Amino acid sequence: MNFGAAPVVMIDGDEYCVYQALVNVPLAEVPEAALVKSATLALTCVNPGDAVTVSYVNEGWQELQVKWNDRPQAGTTLGTVTCTEMGQVMKLDLTPAVK
């Protein structure tokens, strides 16, 4: 399945139902000579749970074509976030991934 058009990105590491999400950041829109001072990913919790690891993906993929069996492998870990209460906003520094 592919949820590329879904308004909510679901991620979960439950042993009975695993969700992984790919988020494509449009870096092509950043001018080539630009100096990126900071980049942040903000996630709003809709269901508290265990920690989630956010990793950079080094290979290309297409939003509406990628499926579980052909998804790109996780690369460098950018950080971990934990959703502890509904509505909580978790922020993760993505600056190293866009520099």
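Attention in this report is confined to the structure presented alongside it. Computed from a predicted structure; not experimentally measured. (Residues numbered from 1 in each chain as written. Predicted model: local features only at pLDDT ≥ 70, side-chain atom pairs only at ≥ 80, totals over all residues. Heavy atoms only, no water.)

With that out of the way, let us pick up the packing of aromatic side chains. All told, the structure shown has zero aromatic pairs when counted by the stated rule. Of note, arginine 71 hangs over the ring of tryptophan 68, and the distance from its end group to the ring centre comes to 3.7 Å. (Phe/Tyr/Trp six-rings, centres within 6.5 Å; stacked < 30°, edge-to-face > 60°. Lys NZ or Arg CZ within 6 Å of the ring centre and 35° of its normal.)

Next up on the list: the side chain of threonine 95. With respect to the helices, strands and loops of the structure, threonine 95 is situated in helix α1 (residues 95-98). For threonine 95, a relative accessible area of 9% gives the class buried. Looking at threonine 95, its side chain comes within polar contact range of the side chain of aspartate 93, at 2.5 Å. Residues contacting threonine 95, with those up to four places away along its chain left out, are Val36, Lys37, Ser38 and Ala39. (Helix = DSSP H or I, 4+ residues; strand = E, 2+ residues; numbered from the N terminus. Buried < 20%, exposed > 50% of the residue type's maximum accessible area, 1.4 Å probe, protein only. Polar contact = N/O pair within 3.5 Å; in protein donor to acceptor, adjacent residues only side chain to side chain. Contact = heavy atoms within 4.5 Å.)

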